[in-house]
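Here's the letter readout for the chains.
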Amino acid sequence: MWRPVSEQLRADPAMDNDIMRRYIQDFSLDDCKHGNQGYSRVLIQLFGFTGHGKSSFINSCKYVVDDGPYKVYARVAPSEYKPETMIRSTYELTRTITLVDNRGCVILKKDETGEIYAQLGNFLPLNTTVNWHAGYEDTLNRILESEREERSADFIVPVLVYNSQLQMSSDDDSNLKEMLVMARDITGMFPMVILTHETSEHLLKNQEQFRRMGTQYIFSVENYTGQDTVKSHRKHEKILQCLHEIVRIVEFQMRERRDPIAENITRKKILLTFLMEREKERAIVEEDIKREGAKPTKKNICLLL
Ligand SMILES: Nc1nc2c(ncn2[C@@H]2O[C@H](COP(=O)(O)OP(=O)(O)OP(=O)(O)O)[C@@H](O)[C@H]2O)c(=O)[nH]1
Ligand SMILES: [Mg+2]
């Protein structure tokens, strides 16, 4: 029987792993204050750079929630430097919660960020290959084509996965901030951040940087990997805490009256405006280069790539 988290906390302030696991497994949108309000599932949208641990996180989530043997559900790269996930795939975690393994990007370029936002807002079909270098018309056509799929009933939770071994440059910092804010506008929720490789010496610095960008929920986890599947209480606990918090946030947001269809329309307008603006900028840069033979600057080269 699913019970609100406040009751569970009262019952056991320590919130041990079993209680968290049961809370995650039993959570149903139907049990929220105003019922499901038209949402049929929670879609945890994992996004971020390639090789930062999105697929490993999915396998780790399945491992800790199913509490069975370790299995590879989402294929993982042999190393951090070889992009692996090309298809945007879904993995059911519970009957209410689904994880989406979005294609990772290599660097933040304008045409890739357009695709990222289209993925995050769930405006592109699931379980199909993602093409980063799509032009405006191509992206637009695919968004329109995907209207055939009924997806407005998904409650989207955006989650950026970031490898805490990396030291962020100031350029990365401002690009990521822009991306997080846009992801908020497209999904209605400021993305949470999961820092993988939690034993890294750069963890605290990365936590601080994401906090400065306005991130309220930052979790650090050590993923289970093909090379290390030995159950660890600490690893289980950290991953369960992260999923538990996501469910709490959804439950909290579902206390408000919501309209999934109206939300979907608003976000689609934001995405289309972004794509249109990007296209205009690209046309201006191309025109300048043609007219004056000007060299593209570091700032605008990403529009032409
Ligand atoms: N030690 C350690 N290794 C990790 C962790 N997370 C991921 N890895 C390793 O990092 C590599 C890349 O992980 P993936 O899960 O494939 O990364 P991804 O974000 O799905 O990458 P793409 O599919 O290319 O976008 C793999 O070799 C993993 O085993 C972690 O928390 N700790
Ligand atoms: Mg992957």
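What counts, and where the lines are drawn
- Residues numbered from 1 in each chain as written.
- Chains lettered and ligands numbered in written order.
- Predicted model: local features only at pLDDT ≥ 70, side-chain atom pairs only at ≥ 80, totals over all residues.
- Heavy atoms only, no water.
- Helix = DSSP H or I, 4+ residues; strand = E, 2+ residues; numbered from the N terminus.
- Contact = heavy atoms within 4.5 Å.
- Areas by Shrake-Rupley, 256 points an atom, 1.4 Å probe, with all protein chains shown as cover.
- Buried < 20%, exposed > 50% of the residue type's maximum accessible area, 1.4 Å probe, protein only.
- Pairing = 2+ DSSP bridges.
- Right-handed = clockwise from strand over helix to strand, strands pointing away.
- Salt bridge = Lys/Arg side-chain N within 4 Å of Asp/Glu carboxyl O.

Chemist: Please explain the overall build of the chain as it appears in this structure.
Modeler: Summing up its helical and strand segments, the chain has ten helices and six strands in all. Long-range pairs, those at least 24 residues apart, make up 72% of the contacts in the chain with a sequence separation of at least 6. Summed over its atoms, the accessible surface of the chain is roughly 14900 Å², and 51% of this surface lies on carbon and sulfur atoms.

Chemist: Can you help me understand the pairing of strand β4 (residues 154-163) in this one?
Modeler: For a regular strand, side chains alternate in direction, first toward one face of the sheet and then toward the other. Taking burial as the measure, the ten residues of β4 include ten buried ones, the bulk of the element. The two faces of β4 match: Asp 154, Ile 156, Pro 158, Leu 160 and Tyr 162 on one face and Phe 155, Val 157, Val 159, Val 161 and Asn 163 on the other face are all buried. Pairing of strand β1 (residues 41-47) with β4, which is carried by seven bridges, proceeds in the parallel orientation. The residue bridging Ile 44 from the neighbouring strand is Val 157, located in β4. Where β4 meets strand β5 (residues 192-196), five bridges bridge the pair, whose relative direction is parallel. Among the inter-strand pairings, Val 161 is bridged to a residue of β5, identified as Ile 194. Between the parallel pair β4 and β5, the chain is carried across by helix α6 (residues 170-187), and the sense of this crossover is right-handed.

Chemist: So what exactly am I meant to see when it comes to the pattern of salt bridges here?
Modeler: Here the idea is simple: oppositely charged side chains can pair when their charged atoms come close. All told, the structure shown has 18 salt bridges when counted by the stated rule. A salt bridge links Arg 41 to Asp 154, with the shortest nitrogen-to-oxygen separation between them at 2.7 Å. Linking Arg 41 in strand β1 with Asp 154 in strand β4, this pair joins segments that are 113 residues apart in sequence. Since its relative accessible area comes to 23%, Arg 41 is described here as partly exposed. Judged by its relative accessible area of 7%, Asp 154 is buried. In this structure, Arg 212 and Glu 208 form a salt bridge, with 3.9 Å as the shortest nitrogen-oxygen distance.

Chemist: What is the right way to look at the environment of Gly 226 in this model?
Modeler: Inspection of the secondary structure assignment puts Gly 226 in the loop between β6 (218-220) and α8 (233-253). Gly 226 sits in the exposed class, given a relative accessible area of 61%. Put simply, Gly 226 and Val 76 are 150 residues apart on the chain and 8.4 Å apart in space, counted from C-alpha to C-alpha.

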